[in-house]
Amino acid sequence: MINYLKQFLKEEDGVGVVEIILILLVLVGLVVIFKAQLTDIIGGVFDNIRKSVSGL
């Protein structure tokens, strides 16, 4: 039983999943914080695309 517990504590298989979840949480947090700025930038890009297409 003690050996099984030691092996369980040494396992690192789940570390990759935890790291991915933390990275996703940071990215979602950044999107929430900078939502207004991102919306303005994306809106400006699409406006430029519309103007370019209309000018053809």
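Rules used throughout
- Residues numbered from 1 in each chain as written.
- Predicted model: local features only at pLDDT ≥ 70, side-chain atom pairs only at ≥ 80, totals over all residues.
- Heavy atoms only, no water.
- Helix = DSSP H or I, 4+ residues; strand = E, 2+ residues; numbered from the N terminus.
- pLDDT = per-residue confidence, 0-100.
- Salt bridge = Lys/Arg side-chain N within 4 Å of Asp/Glu carboxyl O.

1. Some remarks on the environment of Val 18
Then, number 1: Looking at where Val 18 falls in the secondary structure, it is placed in helix α2 (residues 15–33).
Then, number 2: With 37 residues separating them in the primary sequence, Val 18 and Gly 55 have C-alpha atoms 49 Å apart.

2. Quick notes on the confidence of the model for the chain
Parts of the model with low pLDDT should not have their predicted coordinates read in detail.
Then, number 1: Chain-level statistics for the chain give a pLDDT mean of 88 and a share of 91% at 70 or above.
Then, number 2: Looking at the elements of the chain, mean pLDDT is at its lowest for helix α1 (residues 2–10), recorded as 80, and at its highest for helix α3 (residues 35–54), recorded as 94.

3. Some details on the pattern of salt bridges
Then, number 1: By the definition in use, this model includes one salt bridge.
Then, number 2: Asp 47 is the partner of Arg 50 in a salt bridge, and the nearest nitrogen-oxygen pair spans 2.7 Å. On the criterion of helical spacing, the pair formed by Arg 50 and Asp 47 is a turn pair, its members being three residues apart in helix α3.

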